[in-house]
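Spelled out, the chains give:
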Amino acid sequence: MSIVILIGCILFLVLLITSFKINPFIAFIVTSLLAGLLLGLPVMTITQTVQKGMGDMLGAVTLIIVLGACIGKLTSTSGAATVIANSIMKKTGKKYVRTGLMITGFIVGIPLFYSVGFVLLVPLIFSVAHQFKLPRVYIAIPMLASLSVAHGFLPPHPSPMALTKMLDADLGLVLIYGFLISIPTILIAGLFFSNFLKNIKSLPGESAFSFSETSVSADQQPSFIVSILSSLFPVFLLSATSIIPFIIKNQDVKVACEIIGDPVIAMLISLILCTYTLGLKLGKNMKSIMEDYGSAIKEIALILLIIGGAGSLKEVMMVSGVSQDIVDYFLQVNIHPYLLAWLITAIVRVSIGSATAAGLMTASVLLPLLGNHSVDPNLLVLSIGAGSLMCSHVNDPGFWMFKEYFNVSLKDTFKSWTLMESFVSILGIVFVFILNIFIH
């Protein structure tokens, strides 16, 4: 009965978000309270359970996501992202222009939130398309696939970051495994798939959105080396602190890597570095840098609240015991946990449109599955991440951003954008299983 109640509550959550257009954060809170009531939690303790779940979740991820947002904002406003993009494009030329855009999207997409990376790089796509006389959608899909993969698979993006914490996965390994899965995924779903999109027309005319490029003169921009090292320093640091202990068998080295490799410490070190290399060194004053950071924090406030709301629902499930009931049920079903995680996430994603909300909802349900020794939490994070990218359609803001920026028909948006996102999702879970064979 508890599983039936949970399914009903999730359907109610989907209904609130899709049909009644309720903000996902409010929908999560309302659903959490309703679920606690229906699952038999004492009325006097339901609100405390919801508050505890939100507090625990936000306490685990807020610092990391905020610090990551600040780094991404400075990467954008300093011109570092533009430098990275232009430098790569100069190396590739027309013959490998899609490869260059794909690499650019992946590199820029790691530190930047998806919507920021999209808005920042779309003008580059239009510029390249005009320069080389190539169809816009044809050259855009490899870059957008890279941005999407980074958003779904790689920390410090909100969903994989929160999932890593919720499932008690190793952030460094999630990052390394994510890279291994991302590369073949974007090669197929981005570079190869775009070969079939040459005839999709991006009509001339102004889009429904205004471009908001940050104008930084060439003499004020950082060099390519400084741009790449600064913006991706969190990636380098987290990866290094995960790999070094396997190479150098020394207890002191291991302890040092554990301290420096703590996500909060790593992100804080990276932020301090970026503040100097992408801020003070370029002539910015501390006041303007702090204004950038303040703007970045405002932009992610709603994302944090949604993550907190998902934490509330998770806590209600845990306290009520329904999570264990779900595990007991699914352990009797002959389906691999990674495939199960992907399938549930994909269904929720298609229903509500939000990749972040879909991932967090699924993690809340499947959290107790980690009691099964055969489940690798790092691969479970990536399985959920892959599912969260499935079939972007009319209830996803990304769908409309693509349609309006590129001024394509609804039919062509489904043929290009929706199919690309679906291929990313399917290939993601396929490569999770392939990686599982090699590491286990």
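Criteria and cut-off values
Residues numbered from 1 in each chain as written. Predicted model: local features only at pLDDT ≥ 70, side-chain atom pairs only at ≥ 80, totals over all residues. Heavy atoms only, no water. Helix = DSSP H or I, 4+ residues; strand = E, 2+ residues; numbered from the N terminus. Rg over C-alpha atoms; globule rule 2.2 N^0.38 Å. Buried < 20%, exposed > 50% of the residue type's maximum accessible area, 1.4 Å probe, protein only. Contact = heavy atoms within 4.5 Å. Areas by Shrake-Rupley, 256 points an atom, 1.4 Å probe, with all protein chains shown as cover. Lys, Arg positive; Asp, Glu negative; His and termini not counted. Charge placed at Lys NZ, Arg CZ, Asp CG, Glu CD. Salt bridge = Lys/Arg side-chain N within 4 Å of Asp/Glu carboxyl O. Phe/Tyr/Trp six-rings, centres within 6.5 Å; stacked < 30°, edge-to-face > 60°. Core = buried A, V, L, I, M, F, W, Y, C linked by side-chain atoms within 4.5 Å. Patch = residues over 30% accessible without salt bridge, like charges linked within 9 Å, V, L, I, M, F, W, Y side chains within 5 Å. Axes fitted to C-alpha atoms, helices over the stretch in contact; angles between N-to-C directions. Parallel < 35°, antiparallel > 145°, perpendicular 65-115°, else oblique. Polar contact = N/O pair within 3.5 Å; in protein donor to acceptor, adjacent residues only side chain to side chain. Expected span 1.5 Å × (residues − 1).

Asker: Lay out the overall build of the chain in plain terms, naming residues and giving numbers.
Answerer: A tally of regular secondary structure across the chain gives 20 helices and 0 strands. Relative to the compact-globule value of 22 Å for 440 residues, the chain shows a C-alpha radius of gyration of 22 Å, a close match. Principal-axis analysis of the C-alpha atoms gives the chain an extent of 65 × 55 × 45 Å. When burial is assessed residue by residue, the chain has 57% of its 440 residues classed as buried. Pairs at least 24 residues apart make up 80% of the contacts formed inside the chain by residues separated by at least 6 positions. Element-wise, carbon and sulfur atoms account for 67% of the exposed surface of the chain, whose accessible area totals about 18,500 Å². Treating the 24 positive side-chain charges of the chain as one cloud and the 20 negative ones as another, the clouds have centres 14 Å apart.

Asker: Kindly report on the pattern of salt bridges, identifying the contributing residues and their values.
Answerer: Inspection of every chain in the model, using the stated rule, returns 7 salt bridges. Note that Glu299 is salt-bridged to Lys73, the shortest N-O span being 3.0 Å. Pair noted here: Glu299 is in helix α14 (residues 286-320) and Lys73 is in helix α3 (residues 43-77), with a separation of 226 residues, a long-range link. Judged by its relative accessible area of 45%, Glu299 is partly exposed. A relative accessible area of 19% places Lys73 in the buried class. Residues Asp396 and Arg349 are paired through a salt bridge, measuring 3.2 Å at the closest nitrogen-oxygen approach. Here Asp396, found in the loop between α18 (377-387) and α19 (397-406), pairs with Arg349, found in helix α16 (residues 337-352); they are 47 residues apart in sequence, far enough to count as distant.

Asker: Describe the packing of aromatic side chains, with residues and values.
Answerer: In this structure the tally under the stated criterion is 9 aromatic pairs. Geometrically, the ring pair formed by Phe126 and Phe406 is edge-to-face, given 5.4 Å between the ring centres and 90 degrees between the ring planes. Highlighted residues: Phe126 in helix α6 (residues 114-132) and Phe406 in helix α19, separated in sequence by 280 residues. According to the relative accessible area criterion, Phe126 is buried, its value standing at 14%. Look at Phe399 and Phe414: their rings are 5.1 Å apart centre to centre, the planes differ by 50 degrees, and that puts the pair in the tilted class. Within this pair, whereas Phe399 is found in helix α19, its partner Phe414 is found in helix α20 (residues 410-439), the two being separated by 15 residues in sequence.

Asker: Talk me through the nonpolar core; I want residue IDs and the actual numbers.
Answerer: Counting residues in each nonpolar core, the largest one holds 147 residues, and the members touching the most others are Ile139, Leu144 and Phe406. Top contributing element to this core by residue count: α3, with 13 residues. For Ile139, the residues in contact, after removing those within four places along its chain, are Val97, Arg98, Leu101, Ile125, Val128, Ala129 and Leu134.

Asker: Now, about the environment of Ile300: what can you tell me, with residues and values included?
Answerer: Turning to its location among the elements, Ile300 is positioned in helix α14. By relative accessible area, Ile300 is classed as buried at 1%. Distance from Ile300 to Ile65, taken between C-alpha atoms, is 8.3 Å for residues 235 residues apart in sequence. Ignoring sequence-local partners within four residues, the contact set of Ile300 consists of Ile65, Val66, Ala69 and Phe113.

Asker: Got a sec to walk through a nonpolar patch on the surface? Specific residues and values, please.
Answerer: Residues Ile426, Val430, Ile434, Ile437, Phe438 and Ile439 make up a contiguous nonpolar surface patch of about 560 Å² in total accessible area. Tracing the backbone through its elements, the reader meets Phe438 in helix α20. With a relative accessible area of 71%, Phe438 lands in the exposed category.

Asker: Which residues make up the packing of helix α8 (residues 158-166) against helix α17 (residues 355-366), and what are the values?
Answerer: Contact geometry of α8 with α17 gives a least axis separation of 9 Å together with a crossing angle of 10 degrees. The orientation of α8 with respect to α17, classified from their angle, is roughly parallel. Between α8 and α17, the residues in contact are Ser159, Ala162, Leu163 and Met166 and Ala355, Thr356, Gly359, Leu360, Ala363 and Ser364, respectively.

Asker: For unusual backbone geometry, give the residues involved together with the corresponding values.
Answerer: In this structure, Lys21 is a non-glycine residue whose phi angle is positive, near 55 degrees. Among the secondary structure elements, Lys21 is positioned in the loop between α1 (2-18) and α2 (24-38). With a phi angle near 55 degrees, Asn407 is a residue other than glycine that sits in the positive phi range. Tracing the chain through its elements places Asn407 in the loop between α19 and α20. According to the relative accessible area criterion, Asn407 is partly exposed, its value standing at 23%.

Asker: I'd like a description of the side chain of Ser194, backed by residues and values.
Answerer: Summarising the element assignment, Ser194 is placed in the loop between α9 (171-192) and α10 (224-231). By relative accessible area, which is 0% here, Ser194 ends up buried. Polar contacts involving the side chain of Ser194 include one to the side chain of Arg98, which spans 2.5 Å. Not counting residues up to four positions away in its chain, the partners in contact with Ser194 are Arg98, Tyr138, Ile141 and Pro142.

Asker: Tell me about helix α11 (residues 233-247), and name the residues and values.
Answerer: Compared with the 21 Å implied by 1.5 Å per residue over 15 residues, the 21 Å span of α11 between its first and last C-alpha is a close match. Burial in α11 covers these residues: Pro234, Val235, Leu237, Leu238, Ser239, Thr241, Ser242 and Pro245. Each element contacted by the buried residues of α11 is listed here: α3, α9, α10, α12 (251-260) and α13 (263-277).

Asker: How would you sum up α14? Please name residues and give values.
Answerer: Compared with the 51 Å implied by 1.5 Å per residue over 35 residues, the 49 Å span of α14 between its first and last C-alpha is a close match. Positive backbone phi, approximately 90 degrees, marks Gly321, located one or two places after α14.

Asker: Tell me about the environment of Ser231, and name the residues and values.
Answerer: Within the secondary structure layout, Ser231 lies in helix α10. Exposure remark for Ser231: the relative accessible area of 2% places this residue in the buried category. Between the alpha carbons of Ser231 and Gly72 there is a distance of 7.3 Å; along the sequence they are 159 residues apart. Those residues in contact with Ser231 that lie beyond four places of it in its chain are Ile71, Thr75, Ile84, Pro111 and Cys274. Within the structure, Ser231 has its side chain in polar contact with the backbone oxygen of Ser227 (distance 2.7 Å).

Just distances and angles here, no functional claims.
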